[in-house]
Amino acid sequence: QVQLVESGGGLVQAGGSLSLSCAASGGVFSIVTWAWYRQTPGKTRDLVAQIRRQSDTTYADFVKGRFTISRDDAKNTVSLEMNNLKPEDTAVYYCYADHRHPPNYSPQHIWGPGTQVTVSS
């Protein structure tokens, strides 16, 4: 069964940078879409960025120009480069993958356990 593991979270000062990575393992066949979401206590889990095949990307307005998502299909990984971080970026960041495999190729929605990002003012 495919599992995701995030890494790279931590504490950073406002204006600083962090890189998050997420690796898929356990019988990966094809990941159509990767995404990063974030969530703070009592709030919904919000899309931060997603990347589809052919590197087609989408970003939430609140991170445009500051965050960059990328994927490495050879390594089954996705990364999120976060620059000019703000205190309001503090959240648990979750990796998501839309995994497909034969014979049906129906979507499997897989989530990582999350990694904490804290931005101090």
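Residues numbered from 1 in each chain as written. Predicted model: local features only at pLDDT ≥ 70, side-chain atom pairs only at ≥ 80, totals over all residues. Heavy atoms only, no water.

Participant: Lay out the overall build of the protein chain with the relevant residues and their values.
Facilitator: When its secondary structure is counted, the protein chain shows zero helices and 11 strands. In the protein chain, the succession of α and β elements from N to C terminus is β-β-β-β-β-β-β-β-β-β-β. With the C-alpha coordinates aligned to their principal axes, the bounding extent of the protein chain is approximately 50 × 25 × 25 Å. Contacts in the protein chain between residues far apart in sequence, at least 24 positions, make up 54% of those at least 6 positions apart. As displayed, the protein chain offers around 6,400 Å² of accessible surface, 48% of which is attributable to carbon and sulfur atoms. Taking the 11 positively charged and 10 negatively charged side chains of the protein chain as two groups, their mean positions are separated by 2 Å. (Helix = DSSP H or I, 4+ residues; strand = E, 2+ residues; numbered from the N terminus. Contact = heavy atoms within 4.5 Å. Areas by Shrake-Rupley, 256 points an atom, 1.4 Å probe, with all protein chains shown as cover. Lys, Arg positive; Asp, Glu negative; His and termini not counted. Charge placed at Lys NZ, Arg CZ, Asp CG, Glu CD.)

Participant: So, the state of the cysteines: which residues are in play, and what are the values?
Facilitator: For the structure shown, the criterion picks out one disulfide. Between the sulfur atoms of Cys-22 and its disulfide partner Cys-95 the distance amounts to 2.1 Å. Where Cys-22 bonds to Cys-95 through sulfur, the torsion about that S-S bond is close to -90°, and the disulfide is left-handed. Of this pair, Cys-22 sits in strand E3 (residues 18-25) while Cys-95 sits in strand E9 (residues 91-100), and the two are 73 residues apart along the sequence. Under the relative-accessibility criterion, Cys-22 is labelled buried at 1%. Cys-95 sits in the buried class, given a relative accessible area of 0%. (Disulfide = S-S within 2.5 Å. Buried < 20%, exposed > 50% of the residue type's maximum accessible area, 1.4 Å probe, protein only.)

Participant: Tell me what's going on with the environment of Ile-51, and back it up with residues and numbers.
Facilitator: Its place among the elements puts Ile-51 in strand E5 (residues 46-51). On the basis of relative accessibility, which here comes to 2%, the residue Ile-51 falls in the buried class. Each C-alpha atom, one on Ile-51 and one on Ser-70, is 7.0 Å from the other, the two residues being 19 residues apart in sequence. Excluding residues that lie within four positions of it along the chain, Ile-51 makes contacts with Val-32, Thr-33, Trp-34, Asp-56, Thr-57, Ile-69, Ser-70, Arg-71 and Val-78.

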